[in-house]
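# An overview of the molecular structure
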Amino acid sequence: MNDISQETIRYPASRILDVAKALSGDVRVRILEALGDKPMSVSQLAETLGVAQPTISINVQTLEQVNLISSTQGANREKICAVTCRSIHLDLPSKLGDGLHQTEEIHMPIGMFSHCSVQPSCGMAGKDGGVIGSQDDPRVFYMPERVEASLLWFADSGYVEYYFANPLPPGVELDEIRISAEICSEAPAFREDWASDITLTINDLHVGTWTCPSDFGNRKGKLTPERWKSGTEYGMLTEWSISEQGSKINGAASSPTTISSLKLAFNEPIRVRFEIREDALNRRGLNLFGSGFGDYSQDIILSFVRRSVSSTR
């Protein structure tokens, strides 16, 4: 093994919180102490520290995420851990936004909408594939159990609207905002030839309308529970993005709405609405997938991409 006693890892200001969190746990500090100048397996760490092996594994992963520990696979396929340095250098923030990641993300469970307007057919399903409440009963959308939804749907026109917190302090400039979700049309059972015009608005401004070609049910969704037998199986991962040049859907221009026109405020929610408008040419509902359904292990993701500033250090 290489001598690491003099090696130093330098972290930019945007990683300070990550490193601080990794070093804030007593077990993680003890793991670094135990490793010393020699590698150890996870089971050896557990025995040395008197801590359960699953707890050691979780804390090792946290240290790996900030590159304070590296690991290899031993002869018996057990993880062998080693420290990567003996000192770290943290660049303190010197201007607004320095301490933030280049991209900040908020993951919103699909059942955590703040407003909705739906009519039958409609409903929700949980991660186990069971229907929440009663199918085709709009009252389900106001039940507390809705927060457990991994799939929601409604036919014809309607909307679900989510309130996102603005994670950025005043004065931080953005290059782009992105919203991604797995989504598709809604037909009885499912239909491949079932186009629906799905519109996204932010703070009541039109970002873009995407025409989904189908309600997909011709195969099992990669994550869809076996218990689910009601037709719709998966959607398409779709991304709306907004910059100062306008808005796009999956990279294609969709509207003139810009970041500035959204009038984002630090202490005001960002209102994101998925809607089938009453005047839509293809008014055929939607299915919105959460992390336990469909093909993609994600809920709705709102991403904030900070404006890149060249470092003078």
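Above this text you will find the structure in question.
Residues numbered from 1 in each chain as written. Predicted model: local features only at pLDDT ≥ 70, side-chain atom pairs only at ≥ 80, totals over all residues. Heavy atoms only, no water.

## What to know about the packing of helix 2 (residues 26-35) against helix 3 (residues 42-49)
Cut-off, in case you're wondering: Interaxial angle, 0 to 180 degrees, is taken between N-to-C directions of lines fitted to C-alpha atoms, where a helix line uses only the stretch in contact. Only DSSP runs of H or I with at least four residues qualify as helices, and only runs of E with at least two residues qualify as strands; both kinds are numbered from the N terminus onward. The cut-offs work like this: below 35 degrees is roughly parallel, past 145 is roughly antiparallel, 65 to 115 is roughly perpendicular, and the gaps in between are oblique. Contacts are residue-level and defined by heavy atoms, with any inter-residue pair within 4.5 Å sufficient. By the convention adopted, Pro, Cys, Tyr, Trp, Phe, Met, Ile, Leu, Val and Ala count as nonpolar, Lys, Arg, Asp and Glu as charged, and the other residues, Gly among them, as polar.
Running from amino to carboxyl end, helix 2 crosses helix 3 at an angle of 105 degrees, the nearest separation of the two axes being 10 Å. Accordingly, the angle class assigned to the pair helix 2 and helix 3 is roughly perpendicular. For the pair helix 2 and helix 3, the contacting residues are Arg30, Ile31, Ala34 and Leu35 in the first and Leu45, Thr48 and Leu49 in the second. Of the residues in the contact of helix 2 with helix 3, the class split is 5 nonpolar, 1 polar and 1 charged.

## Topic: the side chain of Thr224
Convention followed: Per-residue accessibility, obtained with a 1.4 Å probe over protein chains only, is compared with the maximum for each type, and a residue is labelled buried under 20%, exposed over 50%, and partly exposed between these values. For this analysis, a polar contact is any N or O atom pair within 3.5 Å, provided that within protein one partner can donate a hydrogen and the other can accept it, and provided that sequence-adjacent residues contribute only side-chain to side-chain pairs.
Of note, Thr224 is situated in the loop between strand 13 (205-212) and strand 14 (236-243). Since its relative accessible area comes to 6%, Thr224 is described here as buried. Within the structure, the side chain of Thr224 is placed 2.7 Å from the backbone oxygen of Glu233, a separation counted as a polar contact. Within polar-contact distance, the side chain of Thr224 engages the backbone nitrogen of Gly294 at 3.0 Å. Every residue in contact with Thr224, bar those within four places of it in the chain, is listed here: Glu233, Gly292, Phe293 and Gly294.

## Regarding the sheet that holds strand 7 (residues 115-117)
We apply this condition: Any two strands with at least two DSSP-identified bridges between them are counted as paired.
Ordered in space as 7-10-17-12-13, the 5 strands form an open sheet in which the pairing is antiparallel. Sheet topology places strand 7 and strand 13 at the edges, where each strand pairs with a single neighbour. In this sheet, neighbouring strand axes are inclined to one another by 15 degrees on average, regardless of whether the strands run parallel or antiparallel. As paired strands, strand 12 (residues 196-202) and strand 13 are joined by 7 bridges and run antiparallel to one another. Across the sheet, residue Leu200 finds its bridge partner in strand 13, namely Gly208.

## Some details on the state of the cysteines
As a reminder of what qualifies: In plain terms, two cysteine sulfur atoms within 2.5 Å form what is called a disulfide here.
Throughout the structure, instances matching the rule amount to 0 disulfides. As a non-bridged cysteine, Cys122 has Cys116 as the owner of its nearest cysteine sulfur, 8.9 Å distant. Residue Cys122 is classed as buried on the basis of its relative accessible area, which comes to 0%.

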